[in-house]
Amino acid sequence: MCGIAGFVGPGGQSALRRMMARLAHRGPDGEGVYEEAEREVLLGHTRLAVIDLDHGAQPMWDDVGETGVIFNGEIYNHIPLRQKLEAKGYRFVTHHSDTEVLVHGYREWGAGLFERLNGMFALCLFDRPAGRLVLARDRMGEKPLYFVERSGLFAFASEAHALFAHPKISRRLDAKGVQKFFAHGYSPGATSVFEGVHKLQPGEIFTFDLASARSRIERFFTFRIEPDDALAQRSENELAEELRSLLDQAVLLRLQADVPLGLFLSGGIDSSGILDSACSQRQPGSIDAFTIGFQEESFDERAYAKLAAEHYGCRHHVRETTIDSAKSLMGRVYALLGEPFGDPSILPTSILCAFAREKVTVALSGDGGDELFAGYDPFLALRPARIYQACVPNALHRMARGLAGMLPVSNRNMSLEFKLRRTLMGLSYDEAIRLPVWMSAIEPDEMASFFQNPLPAEELYSEAIEIWNDNITGNDIDRALEFFTRLYLPDDILFKSDRASMMHSLEARAVFLDNGIVDFARRLPHRFKLRRGKRKWLLTKALAGRVPRELIDRRKKGFGIPLAAWLRDMPAPTVTINTPLNDDEVLARFERHQSRKSDERYLVWAWLGLQEAMASVPAQNGQ
């Protein structure tokens, strides 16, 4: 796991090393630089050594010096790929580096390499004879990659704030990107809050031609729900057995490491299933599991995690964190993020990663299970929402929203009144944007209160609308599965996992995003995911008899902090950075939150994140 950065154009090694310095937390074990002065190509790499510790330095070149790579991630199927390439006559120099598979694989298969990879990656290949850079990002978006294209300069980096260390790249907020951020709580799709800064999206290949300075983007993978009739005809027991086997294979692949390895344990079905599989393939007493808890009962999962750990006999490490310790981290977290992020669970995730890093360098996570197998509350609301919208007149709906707004505001995690308010808010809008509106910091009809030139809803949520309309089944559950998997997963969940882990030089491996599990899930009809109000139906069936029943039947909590209570206790924030928002309106909403007149936790948190991110990181060259 590493950080990568590079550019084509002026700046030299001094600019590259400033960019790399902002990625040092991603790779504390070493760094490497390549420069081709004639064509002004510079590539940099900061390394977190996990596989083949002695021979994995980057940039890495093939044996004839024609193809080089800088790479952030892990390729779990590198051993069979190496064997195929050796059989074709390629000579490997390293002992078992997964990186070397990339340079030889590109020579053999070209862009066809990427569809053969089972892993997480963001990389840049330099094809010297062809005079081009080839950037690619993994299928599900586990590893990030940002880029800037402008006259005379092309630059890229693992994190956005590294780009601003280049003297030719200025950091300016993009008004449209900021509105999209507040409409979602994260930056969706290729967008960012910064002018001219874009994200390579999951499953994309970006090719930059050095001679013409032209670029093109192609896609080698798009997650699509494509129910398989043959799969649907098989018995439920057969499907459950196949899913168990796929989970075991995915865990086995992710147990490869030359450094200490553990896993995150919440006591939910995803993390407990991973622990079950790991303990079936390793001695349970050799497995480290990590849990954090809060004093506030509705946010605390330690009892369930303890039950799982005792059932399997693993080494369980538990730490209680307080709201004050979480508060104290906010400045440091945003300094390392370098951009705003609206999901407050970034803080407990960072605390968990720091805790795990005290003992291990790699940790297995359950990211992706909720998105692939319908684990979120909104899946349960889809059918009632359609009935409600068909039967309830607008006037009655407005009255219901007004009455819900009068309910006492609770500090509890996912309280009933919080869910009711959010649900009714989403029901005020078209079904194609209802899911992101349910999670937004500012709903579409209120954008005019915060922005001088508010975007219409169809532009605010263009990425979600495209996904909703792109689904081939036309079923609400499948559409929701694609929204969560194609947009929310990479831009919220995996963003959080990558940044929280890498800021502590920890590699997080998402078991459920294994190619085999993903391909199985997208071909699986939705009735095996959501049935009679039971989420993750097939997954629970697959783990029944292996995972304790108390863990399978427990209610989902989510991983968060007591944010509403925290914001009510904190002093009024100050405006430190000018942004496109109406700050007076934000502060007025903050006062309403503190007086319990309304619940503004997501708005205030997103605004604080924007202020912190912009204030904590130098815009350019230390200035």
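Residues numbered from 1 in each chain as written. Predicted model: local features only at pLDDT ≥ 70, side-chain atom pairs only at ≥ 80, totals over all residues. Heavy atoms only, no water.

We now examine the overall build of the protein. Tallying secondary structure elements over the protein gives 26 helices and 17 strands in all. C-alpha extents for the protein along the principal axes are approximately 70 × 55 × 45 Å. For the protein, the residues scored as buried account for 61% of the 623 residues in total. A total of about 23,100 Å² of accessible surface is found on the protein, and carbon and sulfur atoms cover 49% of it. (Helix = DSSP H or I, 4+ residues; strand = E, 2+ residues; numbered from the N terminus. Buried < 20%, exposed > 50% of the residue type's maximum accessible area, 1.4 Å probe, protein only. Areas by Shrake-Rupley, 256 points an atom, 1.4 Å probe, with all protein chains shown as cover.)

What follows deals with the packing of helix H13 (residues 377–391) against helix H16 (residues 431–438). Contact pair H13 / H16: the axes reach a minimum separation of 12 Å and the direction vectors enclose 130 degrees. As judged from the angle between their axes, H13 and H16 are oblique. Along this stretch, H13 crosses H16, giving a crossing that reads as right-handed. Judged by residue contacts, Pro-378, Ala-381, Ala-385, Arg-386 and Gln-389 of H13 engage Glu-431, Arg-434, Leu-435 and Trp-438 from H16. Residues that form the contact of H13 with H16 fall into these classes: five nonpolar, one polar and three charged. (Axes fitted to C-alpha atoms, helices over the stretch in contact; angles between N-to-C directions. Parallel < 35°, antiparallel > 145°, perpendicular 65-115°, else oblique. Left-handed = near helix turned anticlockwise from the far one by under 90°. Contact = heavy atoms within 4.5 Å. Nonpolar A, V, L, I, M, F, W, Y, C, P; charged D, E, K, R; others polar.)

Below, the discussion takes up the side chain of Thr-67. Inspection of the secondary structure assignment puts Thr-67 in strand E5 (residues 67–75). Overall, the relative accessible area of 3% leaves Thr-67 in the buried class. Not counting chain neighbours up to four residues away, the residues in contact with Thr-67 comprise Met-60, Trp-61, Asp-62, Val-103, Tyr-106, Arg-107, Leu-125 and Phe-126.

Judged by nonpolar contacts, the single largest core of 185 residues is most densely connected at Phe-114, Phe-182 and Phe-379. The dominant element in this core, judged by the number of residues it contributes, is helix H20 (residues 476–502), at 13 residues. Of all hydrophobic cores here, the second largest spans 19 residues; its members include Ile-70, Ala-122, Phe-154 and Leu-200. (Core = buried A, V, L, I, M, F, W, Y, C linked by side-chain atoms within 4.5 Å.)

As a further point, take the sheet that holds strand E14 (residues 288–294). In space, the five strands of this open sheet follow the order E15-E14-E13-E16-E17, with parallel pairing throughout. The sheet is open, and its two borders are formed by strand E15 (315–321) and strand E17 (507–510), each paired with just one other strand. Each adjacent strand pair in this sheet contributes to an overall mean axis angle of 30 degrees, direction not counted. Of the pairings in the sheet, the one linking strand E16 (residues 362–365) to E17 comprises four bridges and is parallel in character. Along E17, the bridge assignment pairs Val-362 with Glu-507. (Pairing = 2+ DSSP bridges.)

What follows concerns the packing of aromatic side chains. Evaluation of the coordinates by the stated rule reveals 23 aromatic pairs. Consider the rings of Phe-114 and Phe-220, whose centres lie 5.9 Å apart with planes at 40 degrees: the pair is tilted. Separated by 106 residues along the polypeptide, Phe-114 in the loop between helix H3 (98–109) and strand E6 (119–127) and Phe-220 in the loop between strand E12 (215–219) and helix H6 (229–232) bring together distant segments of the chain. The residues Phe-114 and Phe-220 share a single accessibility class, namely buried. Considering the side-chain rings of Phe-181 and Phe-182, the 5.1 Å spacing of their centres and the 80 degrees angle between planes classify their relative orientation as edge-to-face. Each member of the pair, Phe-181 as well as Phe-182, is classed as buried. Among the aromatic side chains, those forming a connected cluster through ring pairs are Tyr-186, Tyr-376, Phe-379, Phe-483, Phe-484 and Tyr-488. The positively charged end of Arg-139 is found above the aromatic ring belonging to Phe-221, 4.0 Å away from the centroid. The residue whose ring lies beneath Arg-531 is Trp-537, and the NZ or CZ to ring-centre distance is 3.9 Å. (Phe/Tyr/Trp six-rings, centres within 6.5 Å; stacked < 30°, edge-to-face > 60°. Lys NZ or Arg CZ within 6 Å of the ring centre and 35° of its normal.)

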